[in-house]
2 protein chains.
Amino acid sequence: MTTIRILLVDDHLVVRTGLKALLGTQEDLDVVAEAGSGEEALSAVAASSPDVVIMDLAMGPGMDGIAAIKALRADNPRQPILVFTTYDSDADIVRSVDAGAMGYLLKDAAPEEIFAAVRGAVAGRSHMSAPVASRLFAQLRNPEAVLTPREAELLTLLTQGLSNRELGRSLFISEATVKTHLAHIYAKLGVETRAAAIATAIRREGMR
Amino acid sequence: MTTIRILLVDDHLVVRTGLKALLGTQEDLDVVAEAGSGEEALSAVAASSPDVVIMDLAMGPGMDGIAAIKALRADNPRQPILVFTTYDSDADIVRSVDAGAMGYLLKDAAPEEIFAAVRGAVAGRSHMSAPVASRLFAQLRNPEAVLTPREAELLTLLTQGLSNRELGRSLFISEATVKTHLAHIYAKLGVETRAAAIATAIRREGMR
DNA sequence: CTCCGCCTCAGCCATTTGGCTGATACGGCC
DNA sequence: GGCCGTATCAGCCAAATGGCTGAGGCGGAG
């Protein structure tokens, strides 16, 4: 049995240490490199060409996890990448899978689940924690609730606290159009006011 | 030199493992118990009476970190407690100190800082990570920007997406009063609209 | 006791937002 | 070619929001 060589990417030393300790209990798993940022991750992959990359999404200033995944995939499209993060926001999940992640683990996952996901990733199998999977299924069940690109763009600005006038100016569209988009967004999010939309978006969609 | 007996409280096994590994490198520090929830923390303290409790604030369902601190302090007012968390939100900092925490560490703190904080806590010294301290100082510099209890209460409901009418009903006050409070809140947060207030509150004050 | 901060409420008015209906245009799909 | 989803815009009207001034009660600090 060949050992699986792993790169850990997380901006918290404590998390890296803990993960390394847990993975170290398995004979076939070996952490060969660590990175504290997206930039470091890129050079670490180039230097040690790991079998699997385990990456946190939230990573302080600079390149975030999604961007790092994309960059890694651009260099090597077959590099298996596992997302390992605290939150299961719809937006993060979709963007991660979109960026090319092989799996999506939550930080409260049981060690066995993590081990299985790592081994599976090398074998080409993808894995998601149960709460993550159920969220994805929920999205698939009512695709009409998925925001269009333009709506998502508008929602992002909305959560910055912009008024309709400002939204129009920022996106080079009229206020009328802004109102149309907003009405659609409200319907899809299941809310009736801008305030609730912002609250929902920041909490549920992970727009921070 | 007597060894310092530590209780770790964090709902993530990975974090507990990492922290234990880091603390284990120090001869005088010994993790004698772990807890994955506030409830577990209470019985763990009763069972092993640690010298220091290191506690995460965010802890899944059930009792949160703040409540756990209060409960611990109620049982034993001299129990040193260190908060160890990811975010440095104003609200969390103030509430932690208020609840009786001896220190406030961020999860990206250097190991040496964590060790020093633990040893200091036992000796009766309090410690806060630099970003945390600067936030507290900022609050002290302009006390007029601190929300009154009633305003904070209103802001919490505001971030749930309630309308003025609903806010009034929830707090048993007239809409006129709601508007007065809101005007004060906007001024203190440095925003001009409800939307911006919600965005600011959720992101900066940590109202999730 | 007096002053001040906090909480409460009222009225007025300008602006913003939300709900509605309807319309044009473009691109992909069958 | 026709249909559908997306994006764009208009006009109208009701409701919600924000800015302003003013004011009463109440409790703590000086």
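Residue positions are given per chain, counted from 1 along the sequence in the order it is written. All chains are assigned letters beginning with A, and all ligands numbers beginning with 1, in the order in which they are written. Local features in this predicted model are restricted to residues whose pLDDT is 70 or higher, and side-chain atom pairs enter the listing and the counts only when it is 80 or higher, whereas totals over whole chains, interfaces and linings include all residues. Heavy atoms from the whole structure form the basis of all side-chain values; hydrogens and water molecules are not counted.

1. Some details on the sheet that holds strand 5 (residues 103-106) of chain A
All names here are of chain A. By the convention used here, strands pair only if DSSP detects at least 2 bridges between them. Secondary structure counts use DSSP, requiring at least four H or I residues in a row for a helix and at least two E residues in a row for a strand, with both numbered from the N terminus. If you walk across this open sheet you meet the six strands as 2-1-3-4-5-6, and the pairing is parallel. The sheet is open, and its two borders are formed by strand 2 (29-35) and strand 6 (127-128), each paired with just one other strand. As judged from the four bridges shared by strand 4 (residues 81-85) and strand 5, these two strands associate in the parallel manner. Paired with T85 across the two strands is L106, which belongs to strand 5.

2. Topic: the relation of the copies chain B and chain A
Superposing copies: least-squares fit, C-alpha atoms only, residues required to have pLDDT of at least 70 in both. Mapping chain B onto chain A leaves a residual RMSD of 0.1 Å; the transformation is a rotation of 180 degrees accompanied by 0.1 Å of translation along its axis. Here the copies are linked by what is in effect a two-fold axis. Residue B:G18 of chain B places its C-alpha closer to the rotation axis than any other residue of that unit, at 1.6 Å.

3. Focus on the nonpolar core
Of all hydrophobic cores here, the largest spans 42 residues; its most connected members are A:L23, A:I54, B:L23 and B:I54. The residues touching A:I54, leaving out its near neighbours within four places in the chain, are A:I6, A:L7, A:L8, A:V9, A:L19, A:L23, A:L82, A:F84 and A:V118. Take the buried residues of types Ala, Val, Leu, Ile, Met, Phe, Trp, Tyr and Cys, join any two whose side-chain atoms come within 4.5 Å, and each joined set is a nonpolar core. The buried label applies to any residue whose accessible area, calculated with a 1.4 Å probe on protein chains only, is under 20% of its type's maximum; exposed applies above 50%, and partly exposed to all values in between. Two residues qualify as a contact provided that any one of their heavy atoms is within 4.5 Å of a heavy atom in the partner residue.

4. Quick notes on the protein's contact with DNA strand C
The near set for a molecule or strand comprises every residue that places at least one heavy atom within 4 Å of it. Residues in contact with DNA strand C amount to 17 residues; listed here are only the nearest, A:K179, A:R194, B:T148, B:S174 and B:H181. For DNA strand C, the backbone portion of the atoms within 4 Å of the protein, that is sugar and phosphate, comes to 67%. Note that a phosphate oxygen of DNA strand C is positioned 3.2 Å from one of the backbone N or O atoms of A:N164. Here A:R194 contributes a backbone N or O atom positioned 2.6 Å from a phosphate oxygen of DNA strand C. Elements supplying a minimum of two residues to the surface near DNA strand C: helix 8 (164-171) and helix 9 (175-189) of chain A together with helix 7 (149-158) and helix 9 (175-189) of chain B. Per-element tally for the surface near DNA strand C: the top contributor is helix 9 of chain B, with four residues. Each residue receives one of three labels: charged for Asp, Glu, Lys and Arg, nonpolar for Ala, Val, Leu, Ile, Met, Phe, Trp, Tyr, Cys and Pro, and polar for the others, Gly being one of them. Here the surface near DNA strand C is built from residues that sort into four nonpolar, eight polar and five charged. Pairing of N or O atoms within 3.5 Å defines a polar contact, subject to two protein rules: one partner must be a possible hydrogen donor and the other a possible acceptor, and residues neighboring in sequence count only if both atoms are side-chain atoms.

5. Description of the side chain of B:D56
All names here are of chain B. Along the chain, D56 turns up in the loop between strand 3 (52-55) and helix 3 (65-75). Overall, D56 belongs to the buried group, its relative accessible area being 4%. Looking at D56, its side chain comes within polar contact range of the side chain of T85, at 3.3 Å. The residues touching D56, leaving out its near neighbours within four places in the chain, are V9, D10, D11, G65, F84, T85 and K107.

6. Observations concerning the protein's contact with DNA strand D
Neighbouring residues of DNA strand D: 17 residues in total, closest A:T148, A:S174, A:H181, B:K179 and B:R194. At 2.9 Å from a phosphate oxygen of DNA strand D is found a side-chain nitrogen or oxygen belonging to A:R150. Between DNA strand D and B:K179 there is a distance of 2.7 Å, counted from a base oxygen to a side-chain nitrogen or oxygen. Contributing elements (two or more residues each) for the surface near DNA strand D: helix 7 (149-158) and helix 9 of chain A together with helix 8 (164-171) and helix 9 of chain B. Per-element tally for the surface near DNA strand D: the top contributor is helix 9 of chain A, with four residues. Looking at the surface near DNA strand D residue by residue, the classes come out as four nonpolar, eight polar and five charged.

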